[in-house]
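Coordinate inspection notes
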Amino acid sequence: VASLYPVAPVEAGVGGAEAVAAAFEAGRQLYARGVDFDFMDFESLTRARIADGRLEVSGETYRALVLPAMRAARWSTVLKADEFRRAGGHLFVVGAPPEASDRAGRDDSELAARVKDWPKAVTPAELAAAVPAAFPPDFAAAGASPSFLHRRIGPRDVWMVYGAPKGTECAFRAVGRAELWD
């Protein structure tokens with residue numbers, strides 16, 4: 001999951017504090033559910049490639065994009081989020097959707113037309129429940145809820161799992177021989 005870091009609302013003075021609070025609460029809720037997510041800046045989103053309903057940027061791949069209370073957004077963000085959604089990616093709007101952009105400010109009919117078909121806004125708690133339901137998890141631990149991070153380093157999938165009681169059976173969505181590093 002990529003969660004956009006809400007710089008635009010802060011810069012525009014349009015719900016900046018609300019957007020920052022939504023971003024960090026959404027992150028806290030995702031983390032508590034064991035969902036691997038990264039904060040992403042608008043420049044990374046702009047240069048991301050979309051393939052098979054996923055965002056690909058800087059060696060990372062994301063199946064979901066979260067816009068946290070982005071009442072003001074860069075136009076490039078709106079375009080990429082809409083393109084991602086139309087390509088089958090999972091777009092989640094936490095709180096308010098964009099109502100102003102650097103393209104034309106407020107009352108922009110093109111912005112309104114783009115966001116009208118976006119998914120209904122959710123709360124951070126609803127987001128944390130919706131993400132695992134939207135696609136199969138990369139990781140599961142029998143009877144436990146440890147935290148984890150997943151990174152692709154060259155040809156290898158590297159999983160950092162912490163908070164799992166000793167002996168917990170874990171399942172990873174990966175192919176190959178597993179090694180335990182401690």
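This text goes with the structure placed above it.
To keep things clear, this report deals only with the structure shown in the data block. (Residues numbered from 1 in each chain as written. Predicted model: local features only at pLDDT ≥ 70, side-chain atom pairs only at ≥ 80, totals over all residues. Heavy atoms only, no water.)

Turning to the pattern of salt bridges, a few remarks are in order. Following the criterion strictly, the structure yields 16 salt bridges and no others. The residue R103 makes a salt bridge to E110 at a minimum N-O spacing of 3.6 Å. Of the charged contacts, one joins D117 and K116 as a salt bridge, the two residues approaching to 3.3 Å between their closest N and O atoms. With a relative accessible area of 42%, D117 lands in the partly exposed category. Judged by its relative accessible area of 60%, K116 falls in the exposed class. (Salt bridge = Lys/Arg side-chain N within 4 Å of Asp/Glu carboxyl O. Buried < 20%, exposed > 50% of the residue type's maximum accessible area, 1.4 Å probe, protein only.)

Let us look at unusual backbone geometry. Look at S58: it is not a glycine, yet its phi comes out positive at around 50 degrees. By the secondary structure assignment, S58 is in the loop between strand 4 (54–57) and strand 5 (60–62). The backbone of D107 shows a phi angle near 55 degrees, a positive value even though the residue is not glycine. Its place among the elements puts D107 in the loop between strand 10 (105–106) and helix 5 (109–115). (Helix = DSSP H or I, 4+ residues; strand = E, 2+ residues; numbered from the N terminus.)

This part takes up the packing of helix 2 (residues 16–32) against helix 6 (residues 124–134). Relative orientation of the contacting elements helix 2 and helix 6 amounts to 40 degrees, with a least axis distance of 8 Å. Regarding the angle of helix 2 to helix 6, the classification is oblique. The chirality of how helix 2 crosses helix 6 is right-handed. Contact residues: helix 2 offers A22, E25, A26, Q29 and L30, while helix 6 offers P124, A125, L127, A128 and V131. Within the contact of helix 2 with helix 6, the residues separate by chemical class into eight nonpolar, one polar and one charged. (Axes fitted to C-alpha atoms, helices over the stretch in contact; angles between N-to-C directions. Parallel < 35°, antiparallel > 145°, perpendicular 65-115°, else oblique. Left-handed = near helix turned anticlockwise from the far one by under 90°. Contact = heavy atoms within 4.5 Å. Nonpolar A, V, L, I, M, F, W, Y, C, P; charged D, E, K, R; others polar.)

Another aspect to go through is the side chain of D82. For D82, the position within the fold is in helix 4 (residues 75–86). Within the local environment of D82, its side chain forms a polar contact with the side chain of R86, the two groups lying 2.9 Å apart. At 2.9 Å, the side chain of D82 forms a polar contact with the side chain of W118. (Polar contact = N/O pair within 3.5 Å; in protein donor to acceptor, adjacent residues only side chain to side chain.)

We now examine the nonpolar core. The biggest cluster of nonpolar side chains holds 23 residues, and the ones touching the most others in it are L55, L65, L67 and W118. Counting residues per element, the ones that place at least two in this core are strand 1 (2–4), strand 4, strand 6 (64–68), helix 4, strand 8 (90–94) and helix 5. Of all the elements, helix 4 adds the most residues to this core, at four residues. Discounting residues that sit within four places of it in the chain, L67 has contacts with L4, T77, A81, L91, F92, V93, V94 and W118. In this structure, A19, A22, L30 and V94 belong to the second largest nonpolar core, which totals 16 residues. (Core = buried A, V, L, I, M, F, W, Y, C linked by side-chain atoms within 4.5 Å.)

Another point: helix 6. When we look at burial in helix 6, the residues that qualify are P124, L127, A128 and V131. Seen end-on, helix 6 carries its buried residues on one side only, within an arc spanning 100 degrees. Next to the buried residues of helix 6 lie helix 2, strand 6 and strand 8. (Arc of directions from axis to C-beta.)

This part takes up the sheet that holds strand 1. Pairing is parallel in the open sheet, where four strands are placed in the order 2-1-6-8. Single-partner strands in this sheet number two, and they are strand 2 (38–40) and strand 8. Across the sheet, the mean angle separating the axes of adjacent strands is 25 degrees when strand polarity is ignored. Packed on one face of the sheet, helix 2 meets strand 2, strand 6 and strand 8 and runs near 145 degrees to strand 6. Where helix 4 meets the sheet, it contacts strand 1, strand 6 and strand 8, and its direction lies at approximately 140 degrees from that of strand 6. (Pairing = 2+ DSSP bridges.)

Over its 17 residues, helix 2 runs 24 Å from end to end, which matches the ideal 24 Å to within 8%, given 1.5 Å per residue. Looking only at helix 2, the buried set comprises G16, A19, A22, A23, A26, G27, Q29 and L30. All buried residues of helix 2 project into a common sector of 165 degrees when viewed along the axis, lining one side. Residues of helix 2 that are exposed and point over 90 degrees away from its buried face: A17, R28 and A32. On its buried side, helix 2 packs onto helix 1 (7–12), strand 2, strand 6, strand 8 and helix 6. At the C-terminal side of helix 2, G34 shows a positive phi close to 75 degrees. (Expected span 1.5 Å × (residues − 1).)

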